[in-house]
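Structural description and commentary
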Amino acid sequence: MFKSTKAYIFMVLLIFLFLSGCNESLVIKDFRVDSPFYLRSGHFLGNSEVSFEVELSDYYNGELDYYWSSDGGDFITQGESEVIYLTPQEPGDYTINLLVSNRRGDEVSYEFSFSVIGNPPDSVILKEVATTSLDSGVELEWSEYKGEGFYSYMIFRSENRYIDESTVVVGEVKESQEPYFIDKEIEEEKFYTYQIMVINEQGYFSLSNQKTLYTLLEGVKRTPVGDRIVDLVIDSQGKKIYLVNEKEELLILNTEEQDLIDKISLGFNVDRLFLGDDYLVLAQGGSESIRVLDISTDNIIEYNFGDSIKDIDFREGNIYVLLDNLDSLLKFNVSKWAIDRKWEFKEGESRLIGEKIKALGEDYLIVDPYLGEPLVYKFDDINDPIYKLDMQFIDIIKEWSFDKGSYLLLTNESPFGINLFELNSKELKPKGVFNGNIYPSDFLLVKDKGIVLVAYEDKQFKVFSLDDYKLKDRFYFNKYIHQIIFDDQGGIVYLLASRNDFLEYNLLAFDLEILLGE
């Protein structure tokens, strides 16, 4: 009895173990992920294909059903121990669930949690946003996208100084090797900010830097002239503009096409430029020499005065030089290549120290002394001035001759007005003042139009009447305007302008009649 009872218990245990083994027969032995990026980073890239494989314990060899599900993404294949899965495009946390079952109804489940990060393309650099005229549109250039899976470039534009809610898509470029676009749908005098979006085939995107410009007035053309320009002159008859820059270069621009046609390396500094009949006078304040360049041959000759030049002017083939230590005025005749005359300034019996000079035709000279009011002399008698100007510390002196005399426009340090004088053989007569709220950087008188054009340091450009000295019109170019020149043959005004950091100098050209609405 004892033995049979013992055998009975043993049989019961065997049956229990057998039944328990059936319940535990479906056991997940391994779950494998085939994704180099996941194995390296612990994340999946969005919208990318990966494969999953599950392995069960060896002691079960029957037929199995596999059901894969997830709360994001899509299974490309299904129903096998190894499947291909497309990860969700949206970054976030997700879970995959696997249910394995057999024909007897046994089941085992497995849960795999993971995170998805985006797969944006590398951003590009917006390098250039420029316009040469309203008709030419805005030209954009950016670095080329070199990555894989390129879909398109999208061009964004905002009518503000930054990308904001007014941003619109103004274009799309489908070829990665064509990183440029021209925006033709622009309006005058508007701020536009641009940005480039790169989109890849997975639908991810990246954004470039932003660049802003201010569009030109209708009829204005912009010509880039490079590094900082220190002076320029126009040859209306020869249809050329000559410019000198800080790199010791002379640039030559054709006024018909408004294109740079030549560049000459000088090898010396120049900060004053004057135009003669067939030559240029090149001078540098503080230097002891002047140089003359023959326009037809580019040959340069030099004359040394043996003393530092304090100021210089040029009229009718003569160079007037105010020397520093000797404090004397020389008249140098270019055609003779010799000093014609030499003066010492006096006011009565007292010797005068001059700081600035301006020749008025062949008869008169303005001298701004170190102390006291500016004086007007006749070259025939440099010992005694014929007029005194009721102002101090002249900064800019300009003169325009006409049949009966000359107009003088002068600025001083304070107040900000531009003083107009009329000079003839009988008198120096104050005419009026063109008032502005900030210091002018340059001005230009156009007598046949009866106007004075004034550029200000706050980027404004104003037109005043020569009759009543009142403001007629004003314009804003969003650039610092340094100098104004006028082509009296073509009626074109040229503004030498730069951006805020005084780099990227340009010539802005426009027809004066169009600007004035005539």
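One can find the structure itself at the top, above this paragraph.
Figured I'd write up the structure that's included with this text.

**Here's the deal with the overall build of the chain**
- A count of helices and strands for the chain gives three helices and 46 strands.
- In summary, the chain has a C-alpha radius of gyration of 41 Å against a globular reference of 24 Å for 518 residues, an excess of more than 25%.
- Its C-alpha atoms put the chain at 155 × 50 × 40 Å along the principal axes.
- The buried share among the 518 residues of the chain stands at 48%.
- Within the chain, contacts between residues at least 6 apart in sequence are counted, and of these 45% link residues at least 24 apart.
- Summing over all exposed atoms, the chain offers an accessible surface of approximately 26800 Å²; the carbon and sulfur share of this is 47%.
- One way to put it: in the chain the 50 positive side-chain charges average out to a point 5 Å from where the 94 negative ones average out.

**A look at the pattern of salt bridges**
- Counting across every chain of the model gives 26 salt bridges.
- One salt bridge in this structure joins Arg32 and Asp30, with 2.9 Å as the shortest N-O distance.
- With a relative accessible area of 30%, Arg32 lands in the partly exposed category.
- Using a relative accessible area of 31% as the deciding quantity, one classes Asp30 as partly exposed.
- In this structure, Glu63 engages Arg103 in a salt bridge whose closest nitrogen and oxygen atoms are separated by 3.0 Å. Taken as a pair, Glu63 in the loop between strand 3 (49–56) and strand 4 (64–70) and Arg103 in the loop between strand 7 (92–102) and strand 8 (107–117) lie far apart in primary sequence, 40 residues in all. Pair check on accessibility: Glu63 and Arg103 agree, each one exposed.
- Via salt bridges that share partners, Lys29, Asp30, Arg32, Glu53 and Glu55 belong to a single interconnected network.

**Some thoughts on the sheet that holds strand 40 (residues 440–446)**
- The four strands are arranged 40-41-42-43 in an open sheet whose pairing can be described as antiparallel. Looking at which strands have only one partner, the edges of the open sheet turn out to be strand 40 and strand 43 (471–476). With strand direction ignored, the average angle separating the axes of adjacent strands in the sheet is 15 degrees.
- Two strands pair when backbone bridges link them, and strand 41 (residues 451–456) and strand 42 (residues 460–465) are joined in this way by five bridges, in the antiparallel orientation. Paired with Val454 across the strands is Lys462, a residue of strand 42.

**Considerations on the pairing of strand 21 (residues 259–265)**
- The pairing of strand 20 (residues 249–254) with strand 21 spans six bridges and is classified as antiparallel. Opposite Glu249, over in strand 21, you have Ser265 as the bridge partner.
- Where strand 20 folds back onto strand 21 in an antiparallel hairpin, the turn is made up of four residues, including Gln258, whose phi is positive at roughly 55 degrees.

About the thresholds
- Residues numbered from 1 in each chain as written.
- Predicted model: local features only at pLDDT ≥ 70, side-chain atom pairs only at ≥ 80, totals over all residues.
- Heavy atoms only, no water.
- Helix = DSSP H or I, 4+ residues; strand = E, 2+ residues; numbered from the N terminus.
- Rg over C-alpha atoms; globule rule 2.2 N^0.38 Å.
- Buried < 20%, exposed > 50% of the residue type's maximum accessible area, 1.4 Å probe, protein only.
- Contact = heavy atoms within 4.5 Å.
- Areas by Shrake-Rupley, 256 points an atom, 1.4 Å probe, with all protein chains shown as cover.
- Lys, Arg positive; Asp, Glu negative; His and termini not counted.
- Charge placed at Lys NZ, Arg CZ, Asp CG, Glu CD.
- Salt bridge = Lys/Arg side-chain N within 4 Å of Asp/Glu carboxyl O.
- Pairing = 2+ DSSP bridges.
- Axes fitted to C-alpha atoms, helices over the stretch in contact; angles between N-to-C directions.

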